[in-house]
Amino acid sequence: MTRLPGGRREVYPSRGKGPKRHAPDFGPGLNVSVPISVGLPLAVVGIALIAAAFASGSVVFWIAGGVALAAGVLLFASGKRL
């Protein structure tokens, strides 16, 4: 490959020259584990399903809400503390 003249730059620089991009993450400072990050939202969904069951009287919502709430609480309790 030929070299460019002194004052010119490549329009599309090679990937090796630019800064390395990393995937987004919570970072080391928050110390959030997977059981907590999954268990807490699951518990909230379980509470919402139980509230919907209370309003509608549907047995399916009661069962799904109870299962989701129990699974979320168990996952949340098994994870690291914040």
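The structure this text deals with has already been given above.
Cut-off values and rules
Residues numbered from 1 in each chain as written. Predicted model: local features only at pLDDT ≥ 70, side-chain atom pairs only at ≥ 80, totals over all residues. Heavy atoms only, no water. Helix = DSSP H or I, 4+ residues; strand = E, 2+ residues; numbered from the N terminus. Buried < 20%, exposed > 50% of the residue type's maximum accessible area, 1.4 Å probe, protein only. Contact = heavy atoms within 4.5 Å. Areas by Shrake-Rupley, 256 points an atom, 1.4 Å probe, with all protein chains shown as cover. Axes fitted to C-alpha atoms, helices over the stretch in contact; angles between N-to-C directions. Parallel < 35°, antiparallel > 145°, perpendicular 65-115°, else oblique. Left-handed = near helix turned anticlockwise from the far one by under 90°. Nonpolar A, V, L, I, M, F, W, Y, C, P; charged D, E, K, R; others polar. Expected span 1.5 Å × (residues − 1).

A. Seen up close, the overall build of the chain. Secondary structure summary: the chain contains 2 helices and 0 strands in total. Counting all 82 residues of the chain, 12% fall into the buried class. Considering only contacts in the chain between residues 6 or more positions apart, those separated by 24 or more positions represent 64%. Working note: accessible area of the chain is about 7100 Å², and carbon and sulfur atoms make up 68% of it.

B. Structural context of the packing of helix α1 (residues 34–56) against helix α2 (residues 59–78). Running from N to C, α1 and α2 point in directions that differ by 155°, and their axes come no closer than 7 Å. Overall, the two elements α1 and α2 adopt an arrangement that is roughly antiparallel. With respect to the hand of their crossing, α1 and α2 are arranged in left-handed fashion. In terms of residue class, the contact of α1 with α2 is made up of 21 nonpolar, 7 polar and no charged.

C. View of the environment of V60. Mapped onto the secondary structure, V60 falls in helix α2. The exposed category is assigned to V60, whose relative accessible area is 61%. Along the primary structure V60 and I50 are separated by 10 residues, whereas in three dimensions their C-alpha atoms are 9.8 Å apart.

D. Here's a closer look at α1. Taking 1.5 Å per residue as the helical rise, α1 with its 23 residues ought to reach 33 Å, and the 33 Å between its terminal C-alpha atoms agrees with that figure. Burial in α1 covers these residues: I36, G39, A43, G46 and A53. The inward-facing, buried residues of α1 contact α2. Note on α1: the residue one or two positions beyond its end, G57, has a positive phi of about 80°.

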